[in-house]
Amino acid sequence: MSTPVLKPEMLCQVGLIVRDVEATARKYAAAFGFAVPPIIQTPGFDNARTTLGGEPSEATARLAFFQTGQLVVELIEPDEKPSVWREFLEKNGEGVHHIAFRVGDTKATEALLAEQGIKTLQQGLFVDGSGLYTYVDSVPQLGVMIELLENFPKDRVGSA
Amino acid sequence: MEPIQGLGDRVLVQICIIVDDADKYAKRYSELLGIPIPEVHVTDGYSETEARYFGEPTEAKARIYHWYFGNVGFELLQPLGGKSVWQDWLDEHGPSVHHVAFRVTDSAGVAREFARHGYPVTQQGFFTGRFANGGHTGMYTYLDTEKALGTTFELLESFDQNGEIH
């Protein structure tokens, strides 16, 4: 029996890869009566500290978010550079790319996942530096990519 | 155009992953999330569900495991034959997230609202299982939203035991 790694009630997000985040966000807004959300451009390596397979990456994306109860819907339009987002778009087209769980300690969670044969694929800071996201190679075992989301304690914001 | 009416607070209540071996995936979720494997639910064919796939009666069945992750239903669904949007998805994409769901109280009305926005019904059916009085317990409806919204949206409706007798 293996150690549980993720807390089910920490499920907080469903992330979709799209070709045109503005167009899709407008369709969500029109269908469901949301305000059109702001489009957020993620920064390059200097600010996001993005790594892909452990190597620094300049991959960026444009994002839009809708809050729907416990779940946030994230729309992600990847740029042309290699990333887990770009790979999904090229392989699968548009669709649900990941589900996210909040974690308290990314490194400890990564270590437990590694014991289960699930390694980290891509990692980076939130746009405002307030936390860390981590995509892991869970598709073969779970049928979906898992993202770990860690919010840094307030006094660490900006210092990561 | 007026937004789709009848979705209440627009809260997503379910994520469903279509898989080729529900037992295998359920075991892995159980281990990695520290949750018991729930009792498996196998849906019935047309005589019980009156399921329709693009308007045509279908014997579509599925093997389903369902948990609550917080307030969100989390479903693993393995298609078991009969024409279905589930089998189409599995054939085209392999195991992956198929839909997210809203809870509604008027499936027909909300489906008309989706159709008004260009998202018609693809598959619809009653839940398997009945109330003691013989009435259906609820129904599901899939909408053709995948191309426009990036995923399939489903409507879930639970019937009132005293209000719906079929």
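In this convention, every chain numbers its residues from 1, walking through the sequence in written order. Naming scheme: in the order in which they are written, chains are lettered from A and ligands are numbered from 1. Totals for whole chains, interfaces and linings use all residues, but because this is a predicted model, local features are given only for residues with pLDDT of at least 70 and pairs of side-chain atoms are given and counted only at 80 or more. No hydrogens and no water enter the side-chain calculation; it runs on all heavy atoms of the structure.

**With respect to the sheet that holds strand β7 (residues 96-103) of chain B**
Residues and elements named next belong to chain B. Only strands joined by at least two bridges in the DSSP assignment are considered to pair. Comment: elements are numbered from the N terminus, with helices defined as DSSP H or I runs of at least four residues and strands as E runs of at least two. Strand order in this open sheet of 10 strands is β2-β5-β6-β1-β7-β10-β9-β8-β3-β4, and the pairing throughout is mixed. The open sheet terminates on both sides in strands that have one partner only, identified here as β2 (41-42) and β4 (56-57). As paired strands, strand β3 (residues 52-53) and strand β8 (residues 121-126) are joined by 2 bridges and run antiparallel to one another. Bridging across to β8, Tyr53 finds its partner in Gln123. Contacting β1 (12-18), β3, β5 (62-69), β6 (72-79), β7, β8 and β9 (138-143), helix α3 (residues 85-93) crosses the sheet at an angle of about 145° to β7. We call two residues in contact whenever any of their non-hydrogen atoms come within 4.5 Å of each other. Helix axes use the C-alpha atoms of the stretch in contact, all axes being lines fitted to C-alpha atoms, and the angles between their N-to-C directions lie in the range 0 to 180 degrees.

**A short note on the confidence of the model for chain B**
The predicted coordinates of low-pLDDT regions are not to be read in fine detail. When pLDDT is averaged along chain B, the result is 96; 98% of the residues meet or exceed 70. Taken together, the chains of this predicted complex give a pTM of 0.95 and an interface ipTM of 0.95. pLDDT is defined as a per-residue confidence score from the predictor, taking values between 0 and 100.

**Brief notes about the interface of chain A and chain B**
Each partner contributes to the interface: chain A provides 37 residues, whereas chain B provides 35 residues. Between chain A and chain B, a total of about 3200 Å² is buried, with carbon and sulfur atoms accounting for 66% of that surface. Buried area is calculated as the accessible area (1.4 Å probe) missing from two parts once they are joined, with the contributions of both summed. When the area that chain A buries against chain B is broken down by residue, the three leading residues are Pro8, Phe32 and Leu142 of chain A, summing to 19%. Any carboxyl oxygen of Asp or Glu that lies within 4 Å of a side-chain nitrogen of Lys or Arg is treated as forming a salt bridge with it. Inspection of the region where chain A meets chain B yields 0 salt bridges. Those elements that provide at least two residues to the side of chain A that touches chain B are β1 (11-17), α1 (21-32), β6 (71-78), β7 (95-102) and α5 (139-142) of chain A. The dominant element in the side of chain A that touches chain B, judged by the number of residues it contributes, is α1 of chain A, at 6 residues.

**Regarding the sheet that holds strand β2 (residues 40-41) of chain A**
Adjacent strands of a sheet form backbone hydrogen bonds with each other and so pair up, either parallel or antiparallel. Residue and element names in this part refer to chain A. Read from one edge of the open sheet, 10 strands run β2-β5-β6-β1-β7-β10-β9-β8-β3-β4, paired in mixed fashion. The open sheet terminates on both sides in strands that have one partner only, identified here as β2 and β4 (55-56). As defined by bridge partners, β1 adjoins β6 across 5 bridges and the pair is classed as parallel. When the sheet's bridge partners are listed, Ile17 is paired in β6 with Ile76. The sheet strands contacting α1 are β1, β5 (61-68) and β6, and the helix crosses β5 at an angle near 15°. Along the sheet, helix α3 (residues 84-92) makes contact with β1, β3 (51-52), β5, β6, β7, β8 (120-125), β9 (131-136) and β10 (145-151), crossing β7 at roughly 150°.

**Structural notes on empty space enclosed by the protein**
A 1.4 Å probe that fits into a set of points on a 1 Å grid over the protein atoms alone but cannot get out defines a cavity; an open set with protein on both sides within 12 Å along at least five of seven lines defines a pocket, and lining residues are those with an atom within 4 Å of a point. Grid points are joined across faces, edges and corners, and a volume is the space filled by probe spheres set on the points. Summed over all chains, the structure comprises 1 cavity of 30 Å³ or more. The space that makes up the largest cavity amounts to roughly 40 Å³. Lining the largest cavity, in full, are Tyr28, Phe32, Phe34, Thr68 and Val73 of chain A together with Arg10, Leu12, Phe102 and Phe153 of chain B. By the convention adopted, Pro, Cys, Tyr, Trp, Phe, Met, Ile, Leu, Val and Ala count as nonpolar, Lys, Arg, Asp and Glu as charged, and the other residues, Gly among them, as polar. Of the residues in the lining of the largest cavity, the class split is 7 nonpolar, 1 polar and 1 charged.

**With respect to the pairing of β9 of chain A**
Residue and element names in this part refer to chain A. The buried label goes to any residue with under 20% of its type's maximum accessible area, the exposed label to any with over 50%, and the partly exposed label to all in between, with areas taken from a 1.4 Å probe on protein chains only. The buried fraction of β9 is high, at 6 of 6 residues. Side chains of β9 alternate between two faces, with Gly131, Tyr133 and Tyr135 and Leu132, Thr134 and Val136 buried alike. The pairing of β8 with β9 spans 5 bridges and is antiparallel. Following the sheet pairing, Gly124 is matched in β9 by Tyr133. Sheet topology places β9 next to β10; 6 bridges connect them, and they run antiparallel.

**Some points on the nonpolar core**
For this analysis, a nonpolar core means a set of buried residues of the types Ala, Val, Leu, Ile, Met, Phe, Trp, Tyr and Cys, connected via side-chain atoms within 4.5 Å. In this structure, Phe32 and Leu75 of chain A together with Ile15, Tyr29, Leu76 and Phe114 of chain B are the most contacted members of the largest nonpolar core, which totals 60 residues. The element best represented in this core is helix α1 (residues 22-33) of chain B, accounting for 6 residues. If sequence neighbours within four positions are ignored, Ile15 of chain B has contacts with Leu11, Val14, Leu71 and Ile99 of chain A together with Val72, Gly73, Phe74, Glu75, Val97, His99 and Val100 of chain B. By size, the runner-up hydrophobic cluster in this structure holds 17 residues, among which are Ala51, Ala60, Leu77 and Ala101 of chain B.

**Considerations on the pattern of salt bridges**
Counted under the stated rule, the structure contains 11 salt bridges over all chains. Among the ionic pairs, Asp137 of chain A bridges to Lys119 of chain A, the shortest N-O distance being 3.5 Å. In this pair, Asp137 of chain A sits in the loop between β9 and α5 while Lys119 of chain A sits in the loop between α4 (106-115) and β8, placing the two residues 18 residues apart along the sequence. Glu113 of chain B is the partner of Arg116 of chain B in a salt bridge, and the nearest nitrogen-oxygen pair spans 2.7 Å. Here the residue Arg116 of chain B and the residue Glu113 of chain B both occupy positions in helix α4 (residues 107-116), the gap between them amounting to 3 residues, near one helical turn. Judged by its relative accessible area of 34%, Arg116 of chain B falls in the partly exposed class. Residue Glu113 of chain B is classed as buried on the basis of its relative accessible area of 16%.

**Considering the pairing of β9 of chain B**
Residues and elements named next belong to chain B. With 6 of 6 residues buried, β9 is to be regarded as a mostly interior element. Burial along β9 is two-sided: Gly138, Tyr140 and Tyr142 facing one way and Met139, Thr141 and Leu143 facing the other are all buried. Of the strand pairs in this sheet, β8 and β9 are connected by 5 bridges, and their pairing is antiparallel. Within the sheet, the bridge partner assigned to Gln123 lies in β9 and is Tyr142. In terms of strand pairing, β9 meets strand β10 (residues 152-158) through 6 bridges, oriented antiparallel. Bridge assignment links Tyr140 to a residue of β10, and that residue is Leu156.

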